[in-house]
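Topology and contacts: notes
Listed below are the residues making up each chain.
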Amino acid sequence: MDTTSSTPALAGPTPGVEAFTPVQLLRLTQLFASDPALADTLGPDLERPGERSWRLLADSPQLQVWLIRWPVGTGTGWHDHGGARGGFTVVRGTLTEHTRERSVVATDLDEGEGRAFGGSHLHDVANLGREVAVSVHAYSPTLAQMTHYDLVDGALRPSGVEQRPAW
């Protein structure tokens, strides 16, 4: 039996194993979000009332998945993901994502809705609703840093870099 293969080896990382696309990451967050018990695994925010809280659900060099609880009025501020691709899905409540191309655009994402994005995506996500929101976020490769930005005279200007140990 001939065990050689005429199929050439794949160049670069294997999609979905060593590197995930934004669409794969969005689908993964949708899968996590479909678990009806997931939103309650964070419980009430007793340690930091009125602040976001999070739980790491999966972590490897190629993939990271977070569950985030958003009390009313909380947000991330403008930030990137250090070159990581990502996706997120709202599990409960409504989140507003602000993006900026030529001007700032606000998009409300309700339960079951989400967003996929590439490594150069900048946004600000906030809970502007009337109830606590919960979302699932996935990143590939692992989220190692985020640069924060200030919106000054219509332009986003870097204001600091947060490294992984900070969260």
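None of the values given here were measured: they were computed from a predicted structure.

1. Considering helix H1 (residues 22-33)
It helps to recall that an α-helix has 3.6 residues per turn; residues three or four apart then point in one direction. Over its 12 residues, H1 extends 16 Å from the first C-alpha to the last, a length consistent with the 16 Å expected when each residue adds 1.5 Å. Each element contacted by the buried residues of H1 is listed here: strand E2 (64-70), strand E4 (85-92), strand E7 (114-117) and strand E9 (133-140).

2. Digging into the sheet that holds strand E3 (residues 78-79)
Pairing is antiparallel in the open sheet, where 3 strands are placed in the order E3-E10-E11. Because the sheet does not close on itself, it has two edges, and the strands there are E3 and strand E11 (155-163). Inspection of the sheet shows E3 paired to strand E10 (residues 145-152) by 2 bridges, in the antiparallel sense. What sits directly across from Trp78, in E10, is Tyr149.

3. A few points about a negative patch on the surface
A surface patch of negative charge is lined by Asp108, Asp110, Glu111, Glu113 and Glu131. With respect to the secondary-structure elements, Glu111 resides in the loop between strand E6 (104-110) and E7. By relative accessible area, which is 56% here, Glu111 ends up exposed.

4. A closer look at the pattern of salt bridges
The tally for this structure, following the rule as stated, stands at 3 salt bridges. Here Asp40 and Arg92 are joined by a salt bridge, their closest N and O atoms 3.2 Å apart. Placement of the pair is Asp40 in the loop between H1 and strand E1 (53-59) and Arg92 in strand E4, with a sequence separation of 52 residues. What makes Arg92 partly exposed here is its relative accessible area of 30%.

5. Description of the pairing of strand E5 (residues 94-100)
Counted residue by residue, E5 has 5 buried out of 7 residues, so it is predominantly covered. Here E5 folds back onto E6 in antiparallel fashion, the turn holding 3 residues. Where E5 lies against strand E8 (residues 124-126), 3 bridges are found, and the strand directions are antiparallel. Across the sheet, residue His98 finds its bridge partner in E8, namely Asp124.

Rules behind the numbers
- Residues numbered from 1 in each chain as written.
- Predicted model: local features only at pLDDT ≥ 70, side-chain atom pairs only at ≥ 80, totals over all residues.
- Heavy atoms only, no water.
- Helix = DSSP H or I, 4+ residues; strand = E, 2+ residues; numbered from the N terminus.
- Expected span 1.5 Å × (residues − 1).
- Contact = heavy atoms within 4.5 Å.
- Pairing = 2+ DSSP bridges.
- Patch = residues over 30% accessible without salt bridge, like charges linked within 9 Å, V, L, I, M, F, W, Y side chains within 5 Å.
- Areas by Shrake-Rupley, 256 points an atom, 1.4 Å probe, with all protein chains shown as cover.
- Salt bridge = Lys/Arg side-chain N within 4 Å of Asp/Glu carboxyl O.
- Lys, Arg positive; Asp, Glu negative; His and termini not counted.
- Charge placed at Lys NZ, Arg CZ, Asp CG, Glu CD.
- Buried < 20%, exposed > 50% of the residue type's maximum accessible area, 1.4 Å probe, protein only.

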